[in-house]
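Fold and contact review
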Amino acid sequence: MRHLLHIIGLRHRGRGRRACGDSCVPKAGVLALLLMMGAAPLLAQDRLVRRFGGQGELVPPIVALAQDSVGFLWASTRAGLFRFDGTRFQRWAPDVLPIAVGSIAVSPAGDVVVVDADGRIVELTANGARELPGRARRSPDHTQIAAFDGDGRLWVVGMDGRINRRAQDGTWRPLPVDVLPDDTTRKVFSAGPRGGILVAGGDGLWHLTPESPPRRLLQGHLIVDALARPDGVVLALSVASDLIRIPPSGAPEVATRTPDYPVTRGISLAERDGTIWLGTDRFLIALNAAGAVEILDPQNGVIAGGPLLVDHEGSLWHGGFTALSQYPEPDTRVWNENHGLRSNHTRFLARSGDYLWITTWQGPTGLRRTADAWAGGVDVSWWAWGQFCTAGDGLLWTGARTGVIRLDPDGDTVVHPENFSFGVCAPASAGGFWIASGVGLHHLSANGETLRRLATPSLTLPDSAVTVVMEDSAGRLWVNSRERVCHAPAASVVSGLEVPWACEDLPAGTVHLTAMTELPGGHLWASSSTLGLLHRAADGWQPLADNSLLPTRSILNLVPSRRGGVWLVGAGILQRVQPRAGGAGWTVLEQLGAWQGLPSVGGGDLLEEEDGTIWIATSQGVVHVPARARTAQIRPPRMALVEGRVDGRPVPLDGDIVLPADRNRLELRFAALTFRDPGSVRYQVRLSPGDEWSDTDGQPLFTWVDLPAGRHQPQVRASADGLTWSMQPAGLAFSVLPPWYRTAWAMTGFLLLAGALLFGVYRARLAYLIGLERQRTRIAMDLHDEMGSGLASIGILAGVLSENGGDAVAGRRIAREVATTAEELGTSLSDIVWALDPHRATLEELAARLAEHGGRLFADDVRFDAHFPAAWPSGPLTLPLRRNVLLMGLEALHNAARHADAQHVVLGFRASDDGWILEVADDGKGLPAPHGNRGQGRGLRAMQRRAAEIGASISWDTRQGQGTTVRLRFRLTRRQPRFSFPGWLRRSVRPPSGRAGASHDHAGARQEPAVHR
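No experiment lies behind these values; they were computed from the predicted model shown.

Brief notes about the overall build of the chain
Along the backbone of the chain there are 12 helices and 72 strands. Accessible area for the chain stands at about 46,000 Å²; split by element, carbon and sulfur atoms hold 52% of it.

Details of the sheet that holds strand E31 (residues 355-360)
Taken in spatial order, the 4 strands of this open sheet run E30-E31-E32-E33, and their pairing is antiparallel. Since the sheet does not close on itself, it has two edges, and those belong to strand E30 (346-352) and strand E33 (374-378), each with one partner. With direction set aside, neighbouring strand axes in the sheet form an average angle of 25°.

Concerning the nonpolar core
Judged by nonpolar contacts, the single largest core of 40 residues is most densely connected at Val905, Phe909, Leu968 and Phe970. Every element with two or more residues in this core is listed here: helix H7 (843-857), helix H8 (879-899), strand E69 (904-912), strand E70 (915-922), helix H9 (938-949), strand E71 (953-959) and strand E72 (963-970). At 9 residues, H8 tops the list of elements feeding residues into this core. Setting aside its immediate chain neighbours within four residues, Phe970 contacts Leu843, Leu881, Val885, Phe909, Gly915, Trp916, Leu918 and Ala952. Counting 21 residues, the second largest nonpolar core, distinct from the first, contains Leu668, Ala672, Phe702 and Leu732.

Remarks on H8
Relative to the 30 Å expected for 21 residues at 1.5 Å per residue, H8 spans 29 Å between its end C-alpha atoms, a close match to the ideal helical length. For H8, the buried fraction is high: 17 of the 21 residues fall into the buried class. Immediately downstream of H8, the backbone of Asp901 shows phi near 55°, a positive value.

Quick notes on the sheet that holds strand E58 (residues 649-650)
If you trace the 4 strands from one edge of the open sheet to the other, you get E58-E57-E60-E63, paired in antiparallel fashion. The outermost strands of the open sheet, each flanked by one partner alone, are E58 and strand E63 (701-704). Of the pairings in the sheet, the one linking strand E57 (residues 639-646) to E58 comprises 2 bridges and is antiparallel in character. When the bridges of E58 are listed, Val646 appears paired with Arg649.

What to know about a nonpolar patch on the surface
On the surface, a nonpolar cluster with roughly 620 Å² of combined accessible area is contributed by Trp740, Tyr741, Trp745, Met747 and Phe750. Within the fold, Phe750 resides in helix H5 (residues 744-802).

Looking at the pattern of salt bridges
Evaluation of the coordinates by the stated rule reveals 35 salt bridges. As a salt-bridge pair, Arg576 and Glu590 come within 2.9 Å of each other at their nearest N and O atoms. Remark: Glu590 occurs in strand E53 (residues 586-591) and Arg576 occurs in strand E52 (residues 573-579); sequence separation between them is 14 residues. Comparing Arg576 with Glu590 shows no difference in burial state: the two are buried. The partner of Glu643 in a salt bridge is Arg645, and the shortest N-O contact between them spans 3.0 Å. Under the relative-accessibility criterion, Arg645 is labelled partly exposed at 27%.

What about the state of the cysteines?
Disulfide: a covalent bond formed between the sulfur atoms of two cysteine residues. A full pass over the atoms with the stated rule returns 2 disulfides. Here Cys389 pairs with Cys425 through a disulfide, and the sulfurs are 1.5 Å apart. Residues Cys389 and Cys425 are joined by a disulfide whose S-S torsion is about -120°; by sign, that bridge is left-handed. With Cys389 in strand E34 (residues 389-390) and Cys425 in strand E38 (residues 422-427), this residue pair connects regions lying 36 residues apart in the sequence. Its relative accessible area of 12% is what places Cys425 among the buried residues.

A word on the packing of H7 against H8
Taken N-terminus to C-terminus, the directions of H7 and H8 make an angle of 20°; their axes are 10 Å apart at the nearest point. With respect to H8, the axis of H7 lies roughly parallel. Handedness of the H7/H8 crossing: right-handed. Residues Leu846, Leu850, His853, Gly854 and Leu857 of H7 form the contact with H8, whose participating residues are Arg882, Val885, Leu886, Gly889, Leu890, Leu893, His894 and Ala897.

Examining the environment of Arg882
As for its placement among the helices and strands, Arg882 is situated in helix H8. Given the relative accessible area of 1%, Arg882 is considered buried. Residues Arg882 and Glu845 lie 37 residues apart in sequence; the distance between their C-alpha atoms is 9.8 Å.

Digging into the environment of Pro650
In this fold, Pro650 is placed in strand E58. It is 9.9 Å that separates the C-alpha atoms of Pro650 and Leu666, two residues lying 16 residues apart in sequence. With sequence-adjacent residues up to four places away left out, Pro650 is seen in contact with Gly644 and Arg645.

Describing the confidence of the model for the chain
Looking at the chain as a whole, the pLDDT averages 81, with 83% of positions reaching at least 70. The lowest-confidence element of the chain is helix H1 (residues 2-8), averaging 30 in pLDDT; the highest-confidence one is strand E51 (residues 566-570), averaging 97. This model gives residues 1-44 a pLDDT under 50, and the stretch forms 103 contacts once residues within four places in sequence are excluded. Across residues 931-935 the pLDDT falls below 50, and counting only partners more than four positions away or on other chains, this stretch makes 2 contacts in the model.

Focus: the side chain of Arg153
When you line up the elements, Arg153 lands in the loop between strand E10 (145-148) and strand E11 (154-157). On the accessibility criterion, Arg153 (16% relative accessible area) is buried. In terms of polar contacts, Arg153 uses its side chain to reach the side chain of Asp151, at 2.9 Å. When near neighbours in sequence (up to four residues on either side) are disregarded, Arg153 contacts Ala147, Phe148, Arg165, Arg166, Pro210 and Glu211.

Re the packing of aromatic side chains
Enumeration over the complete set of coordinates arrives at 24 aromatic pairs. Seen in terms of ring centroids, Trp872 and Trp916 are 5.7 Å apart; in terms of plane orientation they differ by 5°. Their pairing is stacked. Here Trp872, found in the loop between strand E68 (863-867) and H8, pairs with Trp916, found in strand E70; they are 44 residues apart in sequence, far enough to count as distant. Summarising the burial analysis for this pair, Trp872 and Trp916 share the class buried. A cation sits over an aromatic face here: Arg83 above Phe72, 3.8 Å from the ring centre. The lysine or arginine in question, Arg165, covers the ring of Trp155, its NZ or CZ lying 5.8 Å from the ring centre.

Some points on the pairing of E51
Extensive coverage of E51 is indicated by the burial of 5 of its 5 residues. Burial along E51 is two-sided: the residues Val566, Leu568 and Gly570 and Trp567 and Val569 are all buried. Taken together, the 5 bridges between E51 and E52 define a ladder with antiparallel strand orientation. Paired with Val569 across the two strands is Leu574, which belongs to E52. If you look at the hairpin formed by E51 and E52, you'll find 2 residues sitting between the two strands, and Gly572 has a positive phi there, around 75°.

A few points about the pairing of strand E65 (residues 715-719)
Burial within E65 is extensive, with 5 of its 5 residues counted as buried. Side-chain alternation along E65 places Gln715, Arg717 and Ser719 on one buried face and Val716 and Ala718 on a second face that is also buried. The pairing of strand E61 (residues 682-686) with E65 spans 5 bridges and is classified as antiparallel. Residue Val685 lies in a different strand from E65, and its bridge partner there is Val716. Pairing of E65 with strand E66 (residues 730-731), which is carried by 2 bridges, proceeds in the antiparallel orientation. Opposite Val716, over in E66, you have Ala730 as the bridge partner.

Some points on unusual backbone geometry
Cis geometry is found at the peptide bond from Pro60 to Pro61, where omega equals 5°. Along the chain, Pro61 falls in the loop between strand E1 (50-52) and strand E2 (62-67). Within the chain, Arg482 stands out as a residue other than glycine whose phi angle is a positive 55°. Here Arg482 lies in the loop between strand E43 (476-481) and strand E44 (484-489).

Reading the values: rules and limits
- Residues numbered from 1 in each chain as written.
- Predicted model: local features only at pLDDT ≥ 70, side-chain atom pairs only at ≥ 80, totals over all residues.
- Heavy atoms only, no water.
- Helix = DSSP H or I, 4+ residues; strand = E, 2+ residues; numbered from the N terminus.
- Areas by Shrake-Rupley, 256 points an atom, 1.4 Å probe, with all protein chains shown as cover.
- Pairing = 2+ DSSP bridges.
- Axes fitted to C-alpha atoms, helices over the stretch in contact; angles between N-to-C directions.
- Core = buried A, V, L, I, M, F, W, Y, C linked by side-chain atoms within 4.5 Å.
- Buried < 20%, exposed > 50% of the residue type's maximum accessible area, 1.4 Å probe, protein only.
- Contact = heavy atoms within 4.5 Å.
- Expected span 1.5 Å × (residues − 1).
- Patch = residues over 30% accessible without salt bridge, like charges linked within 9 Å, V, L, I, M, F, W, Y side chains within 5 Å.
- Salt bridge = Lys/Arg side-chain N within 4 Å of Asp/Glu carboxyl O.
- Disulfide = S-S within 2.5 Å.
- Parallel < 35°, antiparallel > 145°, perpendicular 65-115°, else oblique.
- Left-handed = near helix turned anticlockwise from the far one by under 90°.
- pLDDT = per-residue confidence, 0-100.
- Polar contact = N/O pair within 3.5 Å; in protein donor to acceptor, adjacent residues only side chain to side chain.
- Phe/Tyr/Trp six-rings, centres within 6.5 Å; stacked < 30°, edge-to-face > 60°.
- Lys NZ or Arg CZ within 6 Å of the ring centre and 35° of its normal.

Put into structure tokens, the structure is as follows:
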């Protein structure tokens, strides 16, 4: 055995037995020796294994396996390259890699390079792949092999067998043709701490570095795989399945295949926790640290024929011809009917020396420990299904159909031939143990000579069947039957005296208890197959609130742990918990499941040995969990974003994603890169880094719809134990555009529009105020023009009348003038009111008012005529048009009456091509010619301003001594002028004082009659 351990490099890592050259290879025949020593009894131990492939997702056979630094698993097949994220296999970059992929290489920095069957070297990217430049395609008859050295330099074997190394600048540097004399390069492997590369040729193994000449490590073997260990030892596997250990110095040591070894072809090599795994075209062979050899063959479901890989979590992957197999914890094994057990459905366990006793529903059986391992098929001559009981001398007892028997190391012995249903048992403080059976309560003495049936209280069943029994530290004996629990002093019960039992009812729904245990502090727990855990409180037995945390309420056993706490064993439950103070709750310390290699969670009994090894009785057999599997650290899963879709269309994950405001359905699929126990993974998600984490159910596939505008960065993290979470959550930053009305240009437009509206409101308000002020000014001007002089005349005449001194004739004349002036003032006031009246007035009404005014004005000695058309327009006049036309007409009539000295005055209205014409003609003396700086009279200029205000034109046709014709051309509908902002603005903000000045000018014109003519 020491020689075996020396050869495979597991112990005594010294020099070889004798000095020899590189070609010195001792023929030890070690594998055959290993097979003869331990392979037969260990053949085909069942393990938890998962199969992938054959369902259209992954297309076997598997050619190569690798795991990158992120955690993705890569599998190359003849159909191309596949990436596994723990949920599904994705065909990777089929547009770049449409054909078979033969080699995968991962650099220390995490770069992944593959070589396809056409000889192309392709580097994988986050979303696809790209061919590395500088390598011409060759014939597809062979496949190149690539590998990275410890410095991250890529080495490849060309189609012609030459070796090329890729420099840091991306160029390829071929090694000389004769670098490996008399050999043909087949494969390259990383040399690990040795540096450089390992080169497998047709006749051995070489070590090659850029700085030194090649060194032959091995000769005479065709190497198919090599593994450089951290201690500098190289393990090599030959095509003949020879395992060769090559130390840093000294001669290699080889285990040569012998005729006793099955004919097989070596393919791959891996090391996991001190166990060396060999993959061949038929078998999976394990050589553990203790020297035991195990061969897994197709009869045990092994699908061989491909590469091996140990991933970051310690799972063993084995590629095969028809599937990819995963062994989450290959050191955990299962014994079942295939290994000599009477049934897969096991219930109770007990250890006695080199025997592991097992109760199944088809009868008892056992495993026996040999020099290196356990072997099944231990037969017994009795039948039992109950629990095993341990006495003070270490012997086991149980109940059988033939009575109570003792299990001696050399065989079983019937001690008490009583036939009763032996259920469970518990140690007695006075020695021996208590037995609960279908007919009541029994006690077996410490020496095993006395078995007595004891008096029990009148419980639910007439025959007083007892299902659970326990004696606590206070000396109280507890028994259960159906829905009741009773207790009495143990010393009194064992003495056979009549004792008073104190009984308590269990909560409704408790069919019966399955186990009972005492916690530190004297608190009691009991398990039920229907209600979970119960504890004895001050008011009796009550279910624990923490039962809601259990996957089921069916607990079959409570087993105190050597490491502290209590094991809860039941349907879907394998937890080691620490009771909290008072026993009203617990904290989970440990859980067993797929991470530890269990084919299923749950069981009926559990046995924990001193070294931490655990045996579990399950419905699939007896599971053996080594202590090392229990201590495997459960790290938080690495998270990765694997897919993104916007409105159902895939999007690249390395670019900036911008979603529209009206169509922003985003789907993100994340992956927790943990393969050992994916069913235990829990996820939490948040929309932004500063938000609180929210628990989520199911797979990490999330959909966001109608997200608000802005920058978002959803993140997802995972936990395999519910306690520690991913250090680096996976996420994706993206933006949601605002709706069009919230964009910058729209907001700018809205601001401009709002400003324009405000300015328009301001302008309208200002125009209204200016118009109001103008209207007031006009009214004041009209009142001043029409009534100011009249009132002044009345005042003057009244003064003259008061100074008349009694002249009756003069008085009467003055009175008539006062009456006439008052009448004219009334008429003028009526005209002003009519001009400002908002009622609808027509041109015909305006003409009639002018004619009526002219009739009164020329009633004495001047002839007055009015010439009107036969048809008038029916539309109403606007207030400005009506007012200005009326006032200009009145002004023209007044000028003719006061200054013309005319004998005949004519008022006329007639239509023209583009509007209407108002004419006032007289046969008087005409207008005086302008001279000096006097120019035109102010009254005439006021008439011109009024005409301009309504868009009309006014003219005076006059000759000295021949009369004057005033001609006003106007339109009923004023043409809108072309908009001109600067002019409009200037007109809009013109102060009212200008109009006021105009009114004063007009008023002044009334006081200078000479100017008007």
